[in-house]
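Overview (structure and organization)
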Amino acid sequence: MATLYDFSIPALTRGLTNMSAILDKAAAYATAKKVDGAVLAQTRLFPDMHPLSRQVQIACDTAKGAAGRLAGVEVPKHEDTETTLAELKARIAKTLEFLKTVTAAKFPSDESRAIELKFPNGTWKFTALSYVNDFVLPNFYFHSSATARPSQAS
């Protein structure tokens, strides 16, 4: 029987690993086109969207937040100071290292337990299952998909 761990951590790990590979391609593009990688990190797919750097930060925050909340362990804090592709790759690597520490054995089996997220404008309440299905995975995939083609953004 699949568990919340099975539906979350492997997918988040795979997504972050792919994101890191995309940043490698972006760095190669920047080198080939003689574009400063820091400029590329600030590229937006659309004018009202966050830049690439913020998309990576949010995807990492979503992954580590999910792992920590679902396993009942403290979520590490990462400052949002990355401005280069190399710094973004380092953030992904830190997040992946944290995900490795959150093993299936640390996940409680109760999918109906409460998960609360506090935001400045209120609190969102979920069951553990709805947190993964309705918040974590959609948000993670949205922000990670915004990193898919940084070399062709305008």
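Right above here is the structure, for reference.
Our subject in this report is the structure included herewith.

Cut-off values and rules
Residues numbered from 1 in each chain as written. Predicted model: local features only at pLDDT ≥ 70, side-chain atom pairs only at ≥ 80, totals over all residues. Heavy atoms only, no water. Axes fitted to C-alpha atoms, helices over the stretch in contact; angles between N-to-C directions. Helix = DSSP H or I, 4+ residues; strand = E, 2+ residues; numbered from the N terminus. Parallel < 35°, antiparallel > 145°, perpendicular 65-115°, else oblique. Contact = heavy atoms within 4.5 Å. Nonpolar A, V, L, I, M, F, W, Y, C, P; charged D, E, K, R; others polar. Left-handed = near helix turned anticlockwise from the far one by under 90°. Core = buried A, V, L, I, M, F, W, Y, C linked by side-chain atoms within 4.5 Å. Buried < 20%, exposed > 50% of the residue type's maximum accessible area, 1.4 Å probe, protein only. Pairing = 2+ DSSP bridges. Expected span 1.5 Å × (residues − 1). Arc of directions from axis to C-beta. Salt bridge = Lys/Arg side-chain N within 4 Å of Asp/Glu carboxyl O.

1. Some points on the packing of helix H1 (residues 4–33) against helix H5 (residues 128–145)
Two numbers describe how H1 lies on H5: the axes approach to 11 Å, and their chain directions differ by 10 degrees. With respect to H5, the element H1 is oriented roughly parallel. Here Leu 4, Phe 7, Ser 8, Ala 11, Leu 12, Gly 15, Leu 16 and Met 19 of H1 come into contact with H5, specifically with Ala 128, Leu 129, Val 132, Val 136, Leu 137, Phe 140, Tyr 141 and Ser 144. Its residues assigned to classes, the contact of H1 with H5 shows 13 nonpolar, three polar and no charged.

2. Notes on the packing of H1 against helix H4 (residues 85–101)
Contact geometry for H1 and H4: axes closest at 10 Å, N-to-C directions at 160 degrees. Here H1 lies roughly antiparallel to H4, going by the angle between them. Here the hand of the crossing between H1 and H4 comes out left-handed. Contacts between H1 and H4 involve Ile 9, Leu 12, Thr 13, Leu 16, Thr 17, Met 19, Ser 20, Leu 23, Asp 24, Ala 26 and Ala 27 from the first element and Leu 85, Leu 88, Lys 89, Ile 92, Thr 95, Leu 96 and Leu 99 from the second. Across the contact of H1 with H4, the residue classes break down as twelve nonpolar, four polar and two charged.

3. What to know about the nonpolar core
Grouped together as the largest cluster of nonpolar side chains are 39 residues, with contacts concentrated most on Leu 16, Leu 70, Leu 99 and Tyr 131. If you list the elements that add at least two residues to this core, you get H1, helix H2 (37–41), helix H3 (52–71), H4, strand E1 (114–119) and H5. Top element by residues in this core is H1. It accounts for ten residues. The contact partners of Leu 70, leaving out residues within four places of it in the chain, are Leu 4, Ser 8, Phe 107, Pro 108, Arg 113, Ile 115, Ala 128, Tyr 131 and Val 132.

4. A closer look at the pairing of strand E2 (residues 122–127)
Sheet topology places E1 next to E2; six bridges connect them, and they run antiparallel. Pairing of Phe 119 across the sheet is with Gly 122, part of E2. If you look at the hairpin formed by E1 and E2, you'll find two residues sitting between the two strands.

5. A word on H4
Within an α-helix, residues lying three or four positions from one another point in the same direction, as the helix has 3.6 residues per turn. For H4, spanning 17 residues, the distance from its first C-alpha to its last is 25 Å, which sits close to the expected 24 Å at 1.5 Å a residue. Looking at H4, one finds that the buried residues are Leu 85, Leu 88, Arg 91, Ile 92, Thr 95, Leu 96, Phe 98 and Leu 99. Projected down its long axis, H4 shows its buried positions confined to an angular sector of 160 degrees, all on one face. Counted as exposed and oriented over 90 degrees from the buried face of H4: Ala 86 and Lys 100. Buried residues along H4 sit against H1, H2 and H3.

6. Section: the pattern of salt bridges
The full count for this structure, using the stated rule, is nine salt bridges. The salt bridge involving Arg 54 is made with Asp 80; its shortest N-O contact spans 3.2 Å. A residue pair is termed long-range when its members are at least 10 positions apart, and Arg 54 in helix H3 and Asp 80 in the loop between H3 and H4 qualify at 26 residues. With relative accessibility at 40%, the residue Asp 80 sits in the partly exposed group. The shortest N-O distance in the salt bridge between Glu 116 and Lys 125 comes to 3.9 Å.

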